[in-house]
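Tertiary structure, described
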Amino acid sequence: MLKRVALLLIVVVIVLGVIGLLLPRTWHVERSVRIDATPDRVLPFVANLKRWQDWAVWTKAMDPKVVNTWGGPEEGVGARWQWLGPAMGRGAMTVTAADLTGVSIDEAIEADETNAHGRFSFTADSAGTKVTWTDDGTLPIMGGYFRGSIEEMLGKNFEKGLEGLKALVERQPLPQPLP
């Protein structure tokens, strides 16, 4: 009887392993918000990774013990943010493109190498700017089991962050015309 139980457990582990290897490991998250401002007013809050502390979810409020380090230029291509904390884990972001059409970011989440890519796309119209935040990445082997929950969690964080970005940008005073 004990041998049968052990054999059954081995079979279950093998089946779960094979299924885990076959599950898709890539994720895609996309959320949008309309901001009553032009892209040039939105850009500085996204291209400057230090300013994320004013609107994003991943801040000291989420993880009071996180250690943040910034490098490269203050804003734009080459700006870098690294963090290490018990709640936020370990990661790094580097801005790879920044202009009035949006901001692209390479991410190394719980890894030393880039394993995800983020993009904020700015689409201007008469009502302001539609900001679309996308993120794509690949989980480690067997990570397919967690793909759905990661997409759901990131989606909620993106929604909160975009609402924070909207509120922050919209309460900034409008630039005054030159005399």
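Structure's up top.
Reading the values: rules and limits
- Residues numbered from 1 in each chain as written.
- Predicted model: local features only at pLDDT ≥ 70, side-chain atom pairs only at ≥ 80, totals over all residues.
- Heavy atoms only, no water.
- Helix = DSSP H or I, 4+ residues; strand = E, 2+ residues; numbered from the N terminus.
- Rg over C-alpha atoms; globule rule 2.2 N^0.38 Å.
- Buried < 20%, exposed > 50% of the residue type's maximum accessible area, 1.4 Å probe, protein only.
- Contact = heavy atoms within 4.5 Å.
- Areas by Shrake-Rupley, 256 points an atom, 1.4 Å probe, with all protein chains shown as cover.
- Lys, Arg positive; Asp, Glu negative; His and termini not counted.
- Charge placed at Lys NZ, Arg CZ, Asp CG, Glu CD.
- Core = buried A, V, L, I, M, F, W, Y, C linked by side-chain atoms within 4.5 Å.

Glancing now at the overall build of the chain. What the chain contains, in helices and strands, is three helices and seven strands. Sequence-ordered secondary structure for the chain, helices as α and strands as β, is α-β-α-β-β-β-β-β-β-α. Taken against the 2.2 N^0.38 rule, which gives 16 Å for 179 residues, the C-alpha radius of gyration of the chain at 20 Å runs more than 25% over that of a compact globule. In the chain, buried positions account for 37% of the 179 residues. Look at the contacts in the chain between residues 6 or more apart in sequence, and 52% of them connect residues 24 or more apart. Summed over its atoms, the accessible surface of the chain is roughly 10600 Å², and 62% of this surface lies on carbon and sulfur atoms. Put simply, the chain has 19 plus and 21 minus side-chain charges, and the middle of one group is 8 Å from the middle of the other.

Okay, the nonpolar core next. Ranked by size, the top nonpolar core spans 36 residues in total, and within it Trp52, Trp55, Phe120 and Leu165 carry the most contacts. The leading source of residues in this core is helix α3 (residues 147-170), at six residues. Beyond its immediate stretch of four places on either side in the chain, Leu165 contacts Ile35, Val42, Phe45, Val46, Trp55 and Val131.

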